[in-house]
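Chains, contacts and geometry: an overview
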Amino acid sequence: MGYANGLLCPQGKQPLLSFGIISDVQYADIPDGCSFLGVPRYYRHSVCVLQRAVQKWNQEKPKFVLHFGDIVDGFCPKDQSMIAVKKIVDEFDKFNGPVYHMIGNHCLYNLPRDKLLPLLRIPGHDGRAYFDFSPIPEYRFVILDGYDISAIGWPEDHPNTLKALKVLQERNPNSDKNSPNGLVGLERRFLKFNGGVGKEQLEWLDHVLQEATELNQNVVVCCHLPLDPGASSFAALLWNYDEVMDVIHRYSCVKVCIGGHAHKGGQSVDSHGVHHRVLEAALECPPGTDAFGHIDAFSDRLSLFGNDRMKSSEMVFGH
């Protein structure tokens, strides 16, 4: 792998593992637009960003690719949703290796879980989209389903929908549950376009981290929604990020948490020394610019090599 953007290979070592990263492609075959904050969005160009990413990954030969959710945009015409998702999946499939997808809110605006998960080949169960894998003995990747408890994606009468609506009713007094108006500080996360992790998933996470600890593995936790207020706007956080981090902080094996959703990106190190990195969105790349990268994993750090708008960063464990 190349060592650009001022990052150096630690002590001349070869990485144990390399993997590609991209987030928030949010493709739609519609004219460019803006976010509710007025940030430009380039719906058609985002597929060009992905195509350049795949081309570069095939040159660099990472072991796999992680896509951090929002494969298509919520403004995608609903009668084109299936076509749009398949189009972007086909572009990812041009990578010469496995691709692991996470679900995001925009995915769920377009398709229900029972249609979406098979398209993205997410190995969940009962419609849930969390799983883990260990590509080499030294590392384990834990993929969380940030919309486990959610008002979008499940059938209207599903228990997880009803739980989510109860959360929103109790925590957000606005008639528009996507509006943070009047919500202060961390309460701004209780918006309909966010979601939470349910009890069963929390128990599963605890079990996986216990096993990883016994195997002396470094763990990277991945979720569409950010898990630390220091790395993201409060309005983009997982509803119960604090409960998830309570489980994570019981174990020293988790070194890094990576997310998407908050398009401008961000980085922090929490009070337990866990690194948090939120990835810059492919959707917000003006024509001719990019936001993707690859990460080299060593025994003591992750080194992110970003292209263009995705910032490079070094995440040294214990620092």
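Residues numbered from 1 in each chain as written. Predicted model: local features only at pLDDT ≥ 70, side-chain atom pairs only at ≥ 80, totals over all residues. Heavy atoms only, no water.

On to the overall build of the protein, then. Looking only at helices and strands, one finds seven helices and 14 strands in the protein. What you see for the protein is a C-alpha radius of gyration of 18 Å, in line with the 20 Å of a compact globule of 319 residues. Along the longest, intermediate and shortest principal axes, the C-alpha atoms of the protein span 55 × 45 × 35 Å. Taken across its 319 residues, the protein has 59% of its residues classed as buried. (Helix = DSSP H or I, 4+ residues; strand = E, 2+ residues; numbered from the N terminus. Rg over C-alpha atoms; globule rule 2.2 N^0.38 Å. Buried < 20%, exposed > 50% of the residue type's maximum accessible area, 1.4 Å probe, protein only.)

Turning next to the side chain of Ser23. On the secondary structure map, Ser23 appears in the loop between strand E1 (17-22) and strand E2 (33-34). For Ser23, the side chain forms a polar contact with the side chain of Asp24, separated by 2.5 Å. Non-local contacts of Ser23, meaning those with residues more than four positions away in its chain, are made with His67, Phe68, Gly69, Gly260, His261, Leu279, Glu280, Ala281 and Ala282. (Polar contact = N/O pair within 3.5 Å; in protein donor to acceptor, adjacent residues only side chain to side chain. Contact = heavy atoms within 4.5 Å.)

Let us now look at the sheet that holds strand E14 (residues 313-316). Strand pairing in a sheet relies on backbone hydrogen bonds, with the paired strands running either antiparallel or parallel. Taking strand neighbours across the sheet as the criterion, the six strands line up as E5-E4-E1-E12-E13-E14 in an open arrangement whose pairing is mixed. Every other strand in the sheet has two partners, leaving strand E5 (99-101) and E14 as the edge strands with one partner each. In this sheet, adjacent strand axes meet at a mean angle of 20° when their direction is disregarded. In the sheet, strand E13 (residues 301-308) pairs with E14 via four bridges, with the strands oriented antiparallel. From the neighbouring strand, Leu304 faces E14, where its bridge partner is Ser313. Most of the contacts of helix H1 (residues 46-60) go to strand E12 (residues 291-297), to which it runs at about 25°, and overall it touches E1, strand E4 (64-67), E12 and E13. (Pairing = 2+ DSSP bridges. Axes fitted to C-alpha atoms, helices over the stretch in contact; angles between N-to-C directions.)

Sheet architecture is open: six strands sit in the order E6-E7-E8-E9-E11-E10, paired in mixed fashion. Each of the sheet's edge strands pairs with one partner strand only, and the pair in question is strand E6 (131-136) and strand E10 (266-269). Pairs of neighbouring strands in the sheet enclose a mean axial angle of 15°, with direction left out of account. Sheet topology places strand E8 (residues 218-223) next to strand E9 (residues 254-259); five bridges connect them, and they run parallel. Considered in E9, the bridge of Val221 is made with Cys257. Across the sheet, helix H6 (residues 199-214) lies against E6, strand E7 (139-143), E8 and E9, angled at about 175° from E7, the strand it touches most.

With that settled, consider empty space enclosed by the protein. On inspection of all chains with the given rule, the structure shows one cavity of 30 Å³ or more. If you add up the space inside the largest cavity, you get close to 50 Å³. If you trace the largest cavity, you find it lined by Cys223, Leu225, Pro226, Leu227, Asp228, Ala231, Cys257, Ile258, Gly259, His276, Arg277 and Val278. Elements represented by at least two residues in the lining of the largest cavity include exactly E9 and strand E11 (275-278). For the lining of the largest cavity, a count of residues per class yields eight nonpolar, two polar and two charged. (1 Å grid on protein atoms, 1.4 Å probe; cavity = no way out; pocket = protein on both sides within 12 Å on 5 of 7 lines; lining within 4 Å. Points joined across faces, edges and corners; volume = space filled by probe spheres on them. Nonpolar A, V, L, I, M, F, W, Y, C, P; charged D, E, K, R; others polar.)

The next subject is helix H7 (residues 241-248). Spacing of three or four residues puts side chains on the same side of an α-helix, whose turn is 3.6 residues. Of all the residues in H7, the buried ones are Tyr241, Val244, Met245, Val247 and Ile248. Summarising the axial view, the buried residues of H7 lie within an arc of 155°, below the 170-degree limit, and thus occupy one face. (Arc of directions from axis to C-beta.)

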